[in-house]
Amino acid sequence: FFMHPASYFFGGSFPPDYLQKVKQPMDLGTVTSKLVEGNYQKVHDFARDCQAIIDNCLAYYGSREDGKEYTLQANHLKLQMSQPLDALLKYD
């Protein structure tokens, strides 16, 4: 669910209400590209983008009837990423 921008799953454009709920879209593909291209100057910036993936999913799908699976996966990702990200932030 998180490898591509949300627009990928909606035919290439965001749903009409998406950008009202999500101010800075983020996905793992974008994070990976930014990492490989050296766009992160601080660990905090990397961690912020990783957290944004989860926050964005919960913001958009949290109150939707069709969002249960997405929010479950976002919470699972949060559990998996929180400890490694906390450890990385010690190097910032």
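**What about the overall build of the protein?**
Then, number 1: Along its length, the protein carries four helices and zero strands.
Then, number 2: Starting at the N terminus and ending at the C terminus, the protein contains elements arranged as α-α-α-α.
Then, number 3: For the protein, restricting intrachain contacts to residue pairs at least 6 apart in sequence, the fraction spanning at least 24 positions comes to 59%.
Then, number 4: Looking at the protein as shown, the accessible area adds up to about 6200 Å², and 55% of this sits on carbon and sulfur atoms.
Then, number 5: Computed over 9 positive and 11 negative side-chain charges, the separation of the two mean positions in the protein equals 4 Å.

**Some details on helix 4 (residues 68-89)**
Then, number 1: Under the 1.5 Å per step criterion, the end-to-end length of helix 4 is 30 Å for 22 residues, consistent within 8% with the ideal 32 Å.
Then, number 2: Taken as a whole, helix 4 carries its principal kink of about 40° at Met81; the proline Pro84 stands between one and four residues after it.
Then, number 3: All of the buried residues in helix 4 are Thr71, Ala74, Leu77, Met81 and Leu85.
Then, number 4: On its buried face, helix 4 is in contact with helix 3 (43-61).

**Re a nonpolar patch on the surface**
Then, number 1: On the surface, a nonpolar cluster with roughly 330 Å² of combined accessible area is contributed by Tyr8, Phe9 and Phe10.
Then, number 2: Residue placement: Phe9 occurs in the segment before helix 1 (18-21).

**Digging into the pattern of salt bridges**
Then, number 1: A full pass over the atoms with the stated rule returns five salt bridges.
Then, number 2: A salt bridge links Lys21 to Asp17; the nearest nitrogen and oxygen atoms lie 3.9 Å apart.
Then, number 3: Of the residues examined, Lys21 reaches a relative accessible area of 36% and is grouped as partly exposed.
Then, number 4: Take Asp17: its relative accessible area is 23%, and that puts it in the partly exposed class.
Then, number 5: Note that Asp45 is salt-bridged to Arg48, the shortest N-O span being 3.1 Å. Note that Asp45 and Arg48 are positioned in helix 3 at a spacing of three residues, about one turn of the helix.
Then, number 6: Overlapping salt bridges, with partners in common, bring together Lys34, Asp45, Arg48 and Asp49 in one network.

**Digging into the packing of aromatic side chains**
Then, number 1: For the coordinates displayed, the defined rule picks out eight aromatic pairs.
Then, number 2: An angle of 85° between the planes, with centres 5.1 Å apart, marks the rings of Tyr8 and Phe9 as edge-to-face.
Then, number 3: Both rings, one in Tyr40 and one in Phe46, keep their centres 5.6 Å apart while their planes meet at 85°; by these two values the pair is edge-to-face. Assigned by exposure class, Tyr40 and Phe46 land together as buried.
Then, number 4: In this structure an aromatic cluster arises from ring pairing among Phe1, Phe2, Phe14, Tyr18, Tyr60, Tyr61 and Tyr70.

About the thresholds
- Residues numbered from 1 in each chain as written.
- Predicted model: local features only at pLDDT ≥ 70, side-chain atom pairs only at ≥ 80, totals over all residues.
- Heavy atoms only, no water.
- Helix = DSSP H or I, 4+ residues; strand = E, 2+ residues; numbered from the N terminus.
- Contact = heavy atoms within 4.5 Å.
- Areas by Shrake-Rupley, 256 points an atom, 1.4 Å probe, with all protein chains shown as cover.
- Lys, Arg positive; Asp, Glu negative; His and termini not counted.
- Charge placed at Lys NZ, Arg CZ, Asp CG, Glu CD.
- Expected span 1.5 Å × (residues − 1).
- Bend = angle between axes of the 7 residues up to and from the residue.
- Buried < 20%, exposed > 50% of the residue type's maximum accessible area, 1.4 Å probe, protein only.
- Patch = residues over 30% accessible without salt bridge, like charges linked within 9 Å, V, L, I, M, F, W, Y side chains within 5 Å.
- Salt bridge = Lys/Arg side-chain N within 4 Å of Asp/Glu carboxyl O.
- Phe/Tyr/Trp six-rings, centres within 6.5 Å; stacked < 30°, edge-to-face > 60°.

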